[in-house]
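# Overview (structure and organization)
Single-letter residue listing:
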Amino acid sequence: YKKAEISFQNALKRKSNAPEAKAMLKQTKTYRSGLAMVTQRDYAGARRAFNKVASIDKGYELMVKRSRDNSAELKKVIKRRGQLNKFYKQAQIMTSNYEYSASNDSLALIIDSRQSKSRYYEDIRHKALALKQKNNDALRALGYTVSDSSSDYSDIGPGSAKDEARNKRLAKKITRQ
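Residues numbered from 1 in each chain as written. Predicted model: local features only at pLDDT ≥ 70, side-chain atom pairs only at ≥ 80, totals over all residues. Heavy atoms only, no water.

## A look at the nonpolar core
Core analysis: the biggest nonpolar cluster contains 25 residues, and Val38, Leu74, Leu107, Ile110 and Tyr120 have the highest contact counts within it. Among the elements of the structure, helix 2 (19–39), helix 3 (43–55), helix 4 (61–96), helix 5 (100–111) and helix 6 (122–141) are those that each provide at least two residues to this core. Residues in contact with Tyr120, not counting those within four places in the same chain, are Val38, Tyr43, Glu73, Leu74, Val77 and Arg81. (Core = buried A, V, L, I, M, F, W, Y, C linked by side-chain atoms within 4.5 Å. Buried < 20%, exposed > 50% of the residue type's maximum accessible area, 1.4 Å probe, protein only. Helix = DSSP H or I, 4+ residues; strand = E, 2+ residues; numbered from the N terminus. Contact = heavy atoms within 4.5 Å.)

And the structure:
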């Protein structure tokens, strides 16, 4: 996209009043800004940038399509991040109330989720893993036997169908609270 930006700038140097080149340059700069925001995990800001790109008149249609696709994807990401953060906050409350096992059940909704292994959610997943470790340490200190499943701490493969079904039931229960 940097090369495209340079090309549009050169076109504007040759013909400073070309509306298409101005629109495409603005699109390219805004699109690159949106991509940078995704890297910084500013998904709402990135979505706004992609929506802005899609709304620019006389612009590049391929960039409009990509921006609309990115915006639609980020809309889902933002919603799912909200859900995962809600599960995490519930788990934190349970931990502060000394309900370590219940907290771990809530954390399983995050840790065992296929989506949580995506780059969009990795920060939430890492927080969940750290809280689960804290819960497990507390349970051990109380004399309980806790097994740290190695699959919880790796990024290999999704949870089993049984885990997914259990997580859906837990998610419904927590959402109703």
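## Some remarks on helix 3
If you check helix 3, its first and last C-alpha atoms are 18 Å apart, about what 13 residues at 1.5 Å a residue would give, namely 18 Å. Turning to helix 3, its buried residues are Tyr43, Gly45, Ala46, Ala49, Phe50, Val53 and Ala54. (Expected span 1.5 Å × (residues − 1).)

## Description of the packing of helix 4 against helix 5
Two numbers describe how helix 4 lies on helix 5: the axes approach to 8 Å, and their chain directions differ by 170°. Classified by the interaxial angle, the pair formed by helix 4 and helix 5 is roughly antiparallel. Two packed elements cross with a definite hand, and for helix 4 against helix 5 that hand is left-handed. Across from Arg80, Leu84, Phe87, Tyr88, Gln90, Ala91, Met94 and Thr95 in helix 4, the residues of helix 5 making contact are Tyr100, Ala102, Ser103, Ser106, Leu107, Leu109 and Ile110. For the contact of helix 4 with helix 5, a count of residues per class yields 10 nonpolar, 4 polar and 1 charged. (Axes fitted to C-alpha atoms, helices over the stretch in contact; angles between N-to-C directions. Parallel < 35°, antiparallel > 145°, perpendicular 65-115°, else oblique. Left-handed = near helix turned anticlockwise from the far one by under 90°. Nonpolar A, V, L, I, M, F, W, Y, C, P; charged D, E, K, R; others polar.)

## Quick word on helix 6
Compared with an ideal rise of 1.5 Å per residue, which puts 20 residues at 28 Å, helix 6 spans 29 Å between its outermost C-alpha atoms and is within 8% of the ideal. Looking only at helix 6, the buried set comprises Ile124, Arg125, Ala128, Leu129, Leu131, Lys132, Asn135, Asn136, Ala138 and Leu139. Contacts made by the buried residues of helix 6 are with helix 4 and helix 5. At the exit of helix 6 stands Gly143, carrying a positive phi of roughly 95°.

## A look at unusual backbone geometry
Phi at Arg41 is positive, roughly 65°, even though this residue is not glycine. Structurally, Arg41 is set in the loop between helix 2 and helix 3. The backbone of Tyr98 sits at a positive phi, close to 65°, despite the residue not being glycine. In this fold, Tyr98 is placed in the loop between helix 4 and helix 5.

## Side note on the packing of aromatic side chains
Applying the stated criterion to the full structure yields 4 aromatic pairs. Aromatic pair Tyr43 and Tyr120: ring centres 5.5 Å apart, planes at 80°, arrangement edge-to-face. Remark: Tyr120 occurs in the loop between helix 5 and helix 6 and Tyr43 occurs in helix 3; sequence separation between them is 77 residues. Among the residues examined, Tyr120 registers a relative accessible area of 8% and is labelled buried. Between Tyr98 and Tyr100, the aromatic rings sit 6.3 Å apart at their centres with planes inclined by 75°, giving edge-to-face as the arrangement. Every member of this aromatic cluster is reached through a ring pair, and the members are Tyr43, Tyr120 and Tyr121. (Phe/Tyr/Trp six-rings, centres within 6.5 Å; stacked < 30°, edge-to-face > 60°.)

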